[in-house]
Amino acid sequence: MSNHLRGQTSPYLLQHADNPVDWYPWGREALQKAKIEDKPIFLSIGYSTCHWCHVMARESFEDLEIARLLNESFVSIKVDREERPDIDSLYMAACQAFTGSGGWPTTLFLTPEQLPFFAGTYFPPTSRGGLTGLRQLLSAIRDAWAQDREALTAPGRQFLQLLTQRPPEQSSPTRSLLEEGVAQWKRTYDETYGGFGAAPKFPMGHSLLFLLTYGEKKADPAALAMAEKTLEQLYRGGIYDHIGGGFCRYSTDRAFRIPHFEKMLYDNALLMLAYCKAYAVTGRTLYRQVATETAGYLFKEMSLASGAFVSAQDADSDGSEGAYYALRPEEVLAVLGEDQGTAFNACYDITEEGNFHGFSIPNLLHSPLPGDRFAACIPALYAYRLARASLHRDDKVLAGWNGLLMGALSWLYRVSGQTIYRDAARGIWTYLSRVHGSQGTLSATSRDGLARGIGFLEDYAFCAFGLLSLYEATLEPSYLSQAQTLCRQVLTDFTDPSGGFFLTPQNADPLLIRPKDTADGALPSGNTMMAWNLVRLSHLTREDTWQRASEAQMAFLSPLAASYPTAYPVFLLALLAQAVPAEEITVVLAPGEAPPRQPWPFPLDAVVTILEQPTDAYPLLGEQTTYYVCKNHSCLPPCHQYPS
């Protein structure tokens, strides 16, 4: 048994290619079929490492009765949210508007004209526990479509009106937004366990990055304390994989003890940035260690021989959520022996009663940090775990997520001095420019070395971020030039005349509307990342083009961020870069002398210029390499060594 997903490249779509449901990929064929047959569209959006997507697939999409209902009365479309963030963005907004919340799997019903009129997330096959069953829902919508279509589709028309409302008037950002954002984080901060708000708790590396940067530049110990407490708690908790390294997607509890077990490339890249920044600000080696271990996990389990990195690793193994990570005390004793095993179990909270369905997720919430005490034990436990169960990984390459990692590896190189991270960042861009790039444009995704699909705003914005970070790590002009090329493409293909940037380029297939994301979620939005990129470019190049573009983008985002600044941490990073100028360093090389050692001993956000010859403005001091440093609105006397 197969359907119209058989020829797709998405691992998520291929997981459903043998369902009895006659799935179509999103495209002209399915949309035309719905119009010709006058049937509503059943739209299911998810991704291949999503636990509840697997549950709904097993319970419902392999059920012959549900398949019959879908095949007779609907046109069923499957979408991989990671391949099509435009479709996901539009219909996730509908789900949130209709229900007040969202998540994956996202389940929607559309008219043949793509207008959503009913939405939800997971539905069991039959009604239970207060949840409507999918069988009952399909029957009800089938009947209402035939009997009272006008009433059925009324919510969709209201949603469309909401989408097409005029945006707020643009205004220059006020620096008070920075303080308002920090105050908002303080109100939701969990002083006991770190993080913000109640469970479930997401790591939100970009929010922590802002708090660290704000605490550093504004000398705010409370902002630093919130970020540091959260970073340590994330590491101590079970959301961090103490055996294999890397972070899971979110915590199901307040204390970060029990995670939702899938691992995403973007979460780990964003958290690496935050831990690198924490080390740069505080000098505490734990933060650099966590960033290094996270990179080690990505190299082991998420990398490809081509130099790129895959998108995600599954929450489930052998059909059970978290089984790969869960341990019992006797397993540890069998691998490590009585003495070491007993000590390991005590340190990492591995007990007979367990903390997860009778098993234990290792954590350090009630133990002192062990340092290197169990360094020799970890490889044996890792090998045991690999042999015991395996995890599916989604092996497609997403340009945007690889761009974030390119930036994170560049930062890790700068705080560690280890060239392996610089070389890995370079390897990512070599792959992306060879496979995904074509005359300044990007493809969003590739698999087995073959690119697929147009690039979206986040692909350009995140890759430009990675290139700027790689330039700042190496000062190789080609990376700065290529970052500018991508940003020019954004200005050409994505600009909305009313302000900001659309999610899709001009040549994209039309959707119900052309979507535009502004607020940051688990990922930064393309609009906020472009704001930060443009501010950085204006500082690095001093070109009017980038100055004007950055001012326009900041004016667009400012009124949106004003109502809820903590939803815009990357915009706040850009605003902070405007409010507190980065340190400016000009290095004038003596004749025949090489540039200063790499990685540069400069702040992560410093604006650095290397001059191979002196100028009237920057002469040599005593015929030796000379440093000109300006910070805090004043310039230091020229000197022969960087005044760190």
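Look up a bit, the structure's there.
Rules used throughout
Residues numbered from 1 in each chain as written. Predicted model: local features only at pLDDT ≥ 70, side-chain atom pairs only at ≥ 80, totals over all residues. Heavy atoms only, no water. Helix = DSSP H or I, 4+ residues; strand = E, 2+ residues; numbered from the N terminus. Buried < 20%, exposed > 50% of the residue type's maximum accessible area, 1.4 Å probe, protein only. Contact = heavy atoms within 4.5 Å. Areas by Shrake-Rupley, 256 points an atom, 1.4 Å probe, with all protein chains shown as cover. Lys, Arg positive; Asp, Glu negative; His and termini not counted. Charge placed at Lys NZ, Arg CZ, Asp CG, Glu CD. Phe/Tyr/Trp six-rings, centres within 6.5 Å; stacked < 30°, edge-to-face > 60°. Disulfide = S-S within 2.5 Å. Pairing = 2+ DSSP bridges. Arc of directions from axis to C-beta. Axes fitted to C-alpha atoms, helices over the stretch in contact; angles between N-to-C directions. Parallel < 35°, antiparallel > 145°, perpendicular 65-115°, else oblique. Left-handed = near helix turned anticlockwise from the far one by under 90°. Core = buried A, V, L, I, M, F, W, Y, C linked by side-chain atoms within 4.5 Å. Salt bridge = Lys/Arg side-chain N within 4 Å of Asp/Glu carboxyl O.

Draft legend 1. Focus on the overall build of the protein. Regarding its fold elements, the protein presents 22 helices and 20 strands. With the principal axes as the frame, the protein shows a C-alpha extent of 90 × 70 × 45 Å. The buried share among the 644 residues of the protein stands at 58%. Considering only contacts within the protein whose residues lie at least 6 apart along the sequence, 67% involve residues at least 24 apart. If you sum the accessible surface of the protein, you get close to 25,100 Å²; carbon and sulfur atoms cover 50% of it. Charge separation in the protein, taken as the distance between the mean sites of 52 positive and 69 negative side-chain charges, equals 1 Å.

Draft legend 2. Spotlight on the packing of aromatic side chains. This structure, assessed with the given rule, holds 34 aromatic pairs. Between Phe-202 and Tyr-250, the ring centres sit 4.7 Å apart and the planes meet at 35°, which makes this aromatic pair tilted. Taken as a pair, Phe-202 in the loop between α8 (176-188) and α9 (205-217) and Tyr-250 in strand β6 (residues 250-251) lie far apart in primary sequence, 48 residues in all. Of the residues examined, Phe-202 reaches a relative accessible area of 33% and is grouped as partly exposed. Given the relative accessible area of 16%, Tyr-250 is considered buried. Cluster of aromatic residues (ring-pair linked, three or more members): Trp-23, Phe-42, Phe-61, Phe-74, Phe-109, Phe-117, Phe-118 and Trp-145.

Draft legend 3. How the structure looks around the state of the cysteines. All told, the structure shown has two disulfides when counted by the stated rule. The disulfide partner of Cys-50 is Cys-53, and the gap between their sulfur atoms is 2.5 Å. Classification of the bridge connecting Cys-50 and Cys-53 rests on its S-S torsion, roughly 80°, and on that basis the disulfide is right-handed. Given a relative accessible area of 3%, Cys-53 falls into the buried group. Numbered by order of appearance in the sequence, the disulfide-linked cysteines of the protein pair as 1-2, 3-4. Cysteine Cys-248 remains unbridged, with the sulfur of Cys-50 as its closest cysteine sulfur at 14 Å. Cys-463 carries a free sulfur, and the closest cysteine sulfur to it, the one in Cys-487, is 11 Å from it.

Draft legend 4. Helix α22 (residues 569-579), seen in detail. When you tally the buried positions in α22, you get ten out of eleven residues, the bulk of the element. Within α22 the residues assigned to the buried category are Pro-569, Val-570, Phe-571, Leu-572, Leu-573, Ala-574, Leu-575, Leu-576, Ala-577 and Ala-579. Buried residues along α22 sit in contact with α8, α9, α20 (526-541) and α21 (544-562).

Draft legend 5. Representation of the sheet that holds strand β8 (residues 263-264). The strand order β8-β9-β12 describes an open sheet built from three strands, whose pairing is antiparallel. The open sheet has two edge strands with one neighbour each: β8 and β12 (393-394). Examined bridge by bridge, β8 and strand β9 (residues 312-313) share two bridges and lie antiparallel to one another. Residue pairing for β9: Met-264 is matched across the bridge by Ala-312.

Draft legend 6. Representation of helix α15 (residues 378-388) in the model. Residues of α15 that are buried: Ile-378, Leu-381, Tyr-382 and Arg-385. Looking straight down α15, one finds its buried side chains confined to an arc of 100°; they lie on one side. Where α15 is buried, its residues touch α12 (285-301), α13 (329-336) and α14 (338-347).

Draft legend 7. Spatial organisation of unusual backbone geometry. In this model, Trp-104 is joined to Pro-105 through a cis peptide bond whose omega is 5°. With respect to the element layout, Pro-105 can be found in the loop between α5 (85-99) and β4 (106-110). The peptide bond linking Ala-199 to Pro-200 adopts the cis configuration, its omega dihedral lying at 0°. Note on placement: Pro-200 falls in the loop between α8 and α9. You will see that Gln-114, though not glycine, has its phi angle at about 80°, which is positive. For Gln-114, the position within the fold is in the loop between β4 and β5 (116-120). By relative accessible area, Gln-114 is classed as buried at 11%. In this structure, Leu-475 is a non-glycine residue whose phi angle is positive, near 55°. By the element assignment, Leu-475 lies in the loop between α18 (457-474) and α19 (477-493).

Draft legend 8. Inspection of the sheet that holds β5 at higher detail. Pairing is mixed in the open sheet, where five strands are placed in the order β1-β3-β2-β4-β5. The sheet terminates laterally at β1 (24-25) and β5, the two strands that pair on one side only. Pairing between strand β2 (residues 41-46) and β4: five bridges, direction antiparallel. Looking at the pairing, Ile-45 lines up with Thr-106 of β4. Along the sheet face, helix α2 (residues 28-37) touches β1, β2 and β3 (75-80) and points at about 155° away from the line of β3. The strands touched by helix α6 (residues 134-147) within the sheet are β2, β4 and β5, with β5 carrying the most contacts at an inclination of about 170°.

Draft legend 9. Focus on the side chain of Ser-60. By the secondary structure assignment, Ser-60 is in helix α3 (residues 51-61). Its relative accessible area of 0% is what places Ser-60 among the buried residues. Not counting chain neighbours up to four residues away, the residues in contact with Ser-60 comprise Ile-66, Phe-123, Pro-124, Pro-125 and Leu-134.

Draft legend 10. Quick look at the packing of helix α16 (residues 399-416) against α18. At a closest axis distance of 7 Å, the pairing of α16 and α18 adopts a crossing angle of 20°. Classified by the interaxial angle, the pair formed by α16 and α18 is roughly parallel. Considering only the axes of α16 and α18, their crossing is left-handed. Judged by residue contacts, Ala-399, Gly-400, Trp-401, Gly-403, Leu-404, Met-406, Gly-407, Ser-410, Trp-411, Tyr-413 and Arg-414 of α16 engage Glu-458, Asp-459, Phe-462, Cys-463, Phe-465, Gly-466, Leu-467, Ser-469, Leu-470, Glu-472 and Ala-473 from α18.

Draft legend 11. Expanded view of the nonpolar core. Core analysis: the largest hydrophobic core is formed by 188 residues, its most contacted members being Phe-210, Tyr-275 and Leu-405. Residues in contact with Phe-210, not counting those within four places in the same chain, are Leu-178, Val-182, Trp-185, Pro-569, Leu-572, Leu-573 and Leu-576. Formed by 21 residues, the second largest nonpolar core is a distinct cluster that contains Trp-26, Ile-77, Ile-87 and Phe-159.

Draft legend 12. Expanded view of the pattern of salt bridges. The tally for this structure, following the rule as stated, stands at 35 salt bridges. Two residues, Asp-86 and Arg-84, come together in a salt bridge whose shortest N-O distance is 2.8 Å. Residue Asp-86 is classed as buried on the basis of its relative accessible area, which comes to 1%. Relative accessible area serves as the criterion here: at 24%, Arg-84 is assigned to the partly exposed category. In this structure, the salt-bridge partner of Glu-232 is Arg-236, at a minimum N-O distance of 2.9 Å. Of this pair, Glu-232 and Arg-236 both sit in helix α10 (residues 221-236), four residues apart, which is roughly one turn of the helix. Sharing partners across several salt bridges, the network here consists of Asp-80, Glu-82, Asp-394 and Lys-396.

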